[in-house]
Amino acid sequence: MDRIRIRGGRPLSGEIKVGGAKNAALPLMVAGLLTDDRLILSNVPRLADIQTMGQLLEQHGISVEFVTNDGRILSLGGAITNTEAPYDIVRKMRASVLVLGPLLARVGEARVSLPGGCAIGTRPVDLHLKGLEQMGACFNLANGYIDGKVDGRLRGATIVFPFVSVGATENLLMAATLADGRTVLANAAREPEIGDLAACLVAMGARIEGIGTDTLTIDGVPSLHGAEHSIIPDRIETGSYACAAAISGGSVFLRGARLDHLGATVRILREAGVDVVEEPEGLTIRRLNGLHGVDVMTEPYPGFPTDMQAQFMALMSVAEGASMVTETIFENRFMHVPELNRMGARINVHGASAIVRGVPGLSGAPVMATDLRASLSLILAGLAAKGETIVNRVYHLDRGYEAVEQKLAACGVDIERIAG
Ligand code: UD1
């Protein structure tokens, strides 16, 4: 298994191009199930999760072709020939469950493996199922699979989510585009990735009002057609490299990054002493003087994202003073804490909060990446640490960060991938 070796102490200096957003690309690929026509997506990130989603769609009968050699443009199209999403693919990537709504809307049946638990919490799919039931679908859960059926077409319904779910909003939004009548999704997630999905669906002929708000109104249409759509830049990759510039005491220009998608992330970074300047083609991030401890709580967008929590905690581990990091989205998302502590951080977890007492410096160590964002927090700690850090289990990183070692090495960081 590959590992990443970092020799810390060098400030970031240079430019990083921000890739397309993984969490926008995955639902956008699933939208390819909503029409037999061609859906052309550009600014596609090169990530393991994109390959996995491609495999899933191919086994539903969709042709998935990378049009250019650089893998940035993806063409999807063709008829659905198989409605089963098998365990072997769903277990690798939870976003697979997004095929449920589109399959029911298009062909009236779907058999999707239950995603089950994962490292950061139990993550059920009850909101997805309840919403689709309100639209006329029936489900039977047996042998680890969700068997879904609908007589005729899905019907529009008013669905009030009890709490905000990105995936459930996306699943129901896609299903509603082809339902009979009007669907209202209240307390919907407002993440920029949902706006991006909605914009693409509109280009495919869907009728959606309220994009960017917490109430989406969808008037179903009989069919959708092909479209071309460019994926938004990845706001989590942006925030992660902003933390890299900050923790290493350097400066980086993030080409393509969008300030208007960063929500609370920029406010919190600025409070911590990080300079964020909007330029015509991206953002410049610089650490001004010292870093200060800042309290953060993860919340649905536009709040501080749970997907930035681990990286921000690494930053806070070397800030002056204490900070409290509270996780409200997932119940078990502090697996990076013991690893950061092995590098000299002083972090204590009390329930859903972690108290981080800033230390003057970290020391390199062999560490284990436990999930996607935790992997990046360990790389960040490695940038600031004295000596050598080896991050094991890099496959988590490859699911969601493209060429991280190349991007950081180009900014002067001493980092390399060790194959094996
Ligand atoms: C998406 C993102 C993930 C991010 C998360 C929260 C993708 C591919 N993944 O995941 O990176 O961390 O949003 O911003 O976009 N829940 C239920 N029942 C449900 C659905 C969700 O209880 O039916 C719970 C989850 O366990 C979690 C919370 O709701 O505690 C939020 O999850 P959700 O927003 O659905 O996350 P995902 O869409 O899985």
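Since this is a predicted model, take the numbers as computed values, not measurements.

Residues in close proximity to the ligand total 18 residues, the closest being D126, L127, S165, D307 and I329. Backbone polar atom of G167 to an oxygen atom of the ligand: 2.8 Å apart, as the coordinates give it. D307 places a side-chain nitrogen or oxygen 2.6 Å from an oxygen atom of the ligand. Compared with its free state, where it exposes 740 Å², the ligand has 86% of that area covered by protein. Among the elements that line the shell around the ligand, the one with the most residues is helix α5 (residues 126-134), at 3 residues. Looking at side-chain class alone, the shell around the ligand contains 8 nonpolar, 5 polar and 5 charged residues.

Of all hydrophobic cores here, the largest spans 75 residues; its most connected members are L132, L154, L173 and L201. The contacts of L201, once residues within four sequence positions are left out, are A31, L34, L173, M174, T177, A206 and I208.

What follows concerns the sheet that holds strand β10 (residues 158-160). One open sheet holds the 4 strands; their spatial order is β10-β11-β13-β12, and the pairing between them is mixed. Sheet topology places β10 and β12 (207-209) at the edges, where each strand pairs with a single neighbour. Across the sheet, the mean angle separating the axes of adjacent strands is 15° when strand polarity is ignored. Pairing analysis gives 3 bridges linking β12 to strand β13 (residues 215-219), with the strands arranged antiparallel. Looking at β13, one finds that I208 is bridged to I218.

Packing of α5 against helix α6 (residues 166-177) leaves a shortest axis separation of 8 Å and a crossing angle of 25°. As the angle between them shows, α5 and α6 are arranged roughly parallel. In the crossing of α5 with α6, the sense of the turn from one axis to the other is right-handed. Residues L127, H128, G131 and L132 of α5 pack against G167, A168, N171, L172 and A175 of α6.

All right, on to the sheet that holds strand β9 (residues 145-150) then. Ordered in space as β6-β7-β9-β8, the 4 strands form an open sheet in which the pairing is mixed. The open sheet terminates on both sides in strands that have one partner only, identified here as β6 (84-85) and β8 (137-142). In terms of strand pairing, β8 meets β9 through 6 bridges, oriented antiparallel. Of the residues in β9, the one forming a bridge with N140 is D147. Sitting on the sheet, helix α4 (residues 100-107) touches β7 (109-113), β8 and β9, and the angle it makes with β7 is about 160°.

This next bit is on the state of the cysteines. Evaluation of the coordinates by the stated rule reveals 0 disulfides. Cysteine C243 remains unbridged, with the sulfur of C411 as its closest cysteine sulfur at 15 Å. Residue classification places C243 among the buried residues on the basis of a relative accessible area of 0%. With a relative accessible area of 2%, C411 lands in the buried category.

In this section: the packing of aromatic side chains. In total, this model carries 1 aromatic pair according to the counting rule given. A centroid spacing of 5.4 Å and a plane angle of 65° characterise the contact between F304 and F312, whose relative ring orientation is edge-to-face. Pair check on accessibility: F304 and F312 agree, each one buried. Here R111 stacks its cationic end above the ring of Y145, 4.1 Å away from the centre of that ring.

Once that is clear, we can look at empty space enclosed by the protein. Scanning all chains against the criterion turns up 3 cavities of 30 Å³ or more. Put simply, the largest cavity is a space of about 50 Å³. Contributing to the lining of the largest cavity are G19, G20, P45, L47, D234, E237, G400, Y401, E402 and K407. Tallied by class, residues from the lining of the largest cavity come to 3 nonpolar, 3 polar and 4 charged.

So, about α4. Judged by how many residues are buried, α4 sits mostly within the fold: 6 of 8 residues are covered. Those residues of α4 lying buried are L100, G101, P102, L103, L104 and A105. Each element contacted by the buried residues of α4 is listed here: α1 (22-30), β7, α5, β8, β9 and α6. Two residues or fewer past α4, G108 is found with a positive phi of approximately 75°.

Criteria and thresholds
- Residues numbered from 1 in each chain as written.
- Predicted model: local features only at pLDDT ≥ 70, side-chain atom pairs only at ≥ 80, totals over all residues.
- Heavy atoms only, no water.
- Near = heavy atom within 4 Å.
- Polar contact = N/O pair within 3.5 Å; in protein donor to acceptor, adjacent residues only side chain to side chain.
- Areas by Shrake-Rupley, 256 points an atom, 1.4 Å probe, with all protein chains shown as cover.
- Helix = DSSP H or I, 4+ residues; strand = E, 2+ residues; numbered from the N terminus.
- Nonpolar A, V, L, I, M, F, W, Y, C, P; charged D, E, K, R; others polar.
- Core = buried A, V, L, I, M, F, W, Y, C linked by side-chain atoms within 4.5 Å.
- Buried < 20%, exposed > 50% of the residue type's maximum accessible area, 1.4 Å probe, protein only.
- Contact = heavy atoms within 4.5 Å.
- Pairing = 2+ DSSP bridges.
- Axes fitted to C-alpha atoms, helices over the stretch in contact; angles between N-to-C directions.
- Parallel < 35°, antiparallel > 145°, perpendicular 65-115°, else oblique.
- Left-handed = near helix turned anticlockwise from the far one by under 90°.
- Disulfide = S-S within 2.5 Å.
- Phe/Tyr/Trp six-rings, centres within 6.5 Å; stacked < 30°, edge-to-face > 60°.
- Lys NZ or Arg CZ within 6 Å of the ring centre and 35° of its normal.
- 1 Å grid on protein atoms, 1.4 Å probe; cavity = no way out; pocket = protein on both sides within 12 Å on 5 of 7 lines; lining within 4 Å.
- Points joined across faces, edges and corners; volume = space filled by probe spheres on them.

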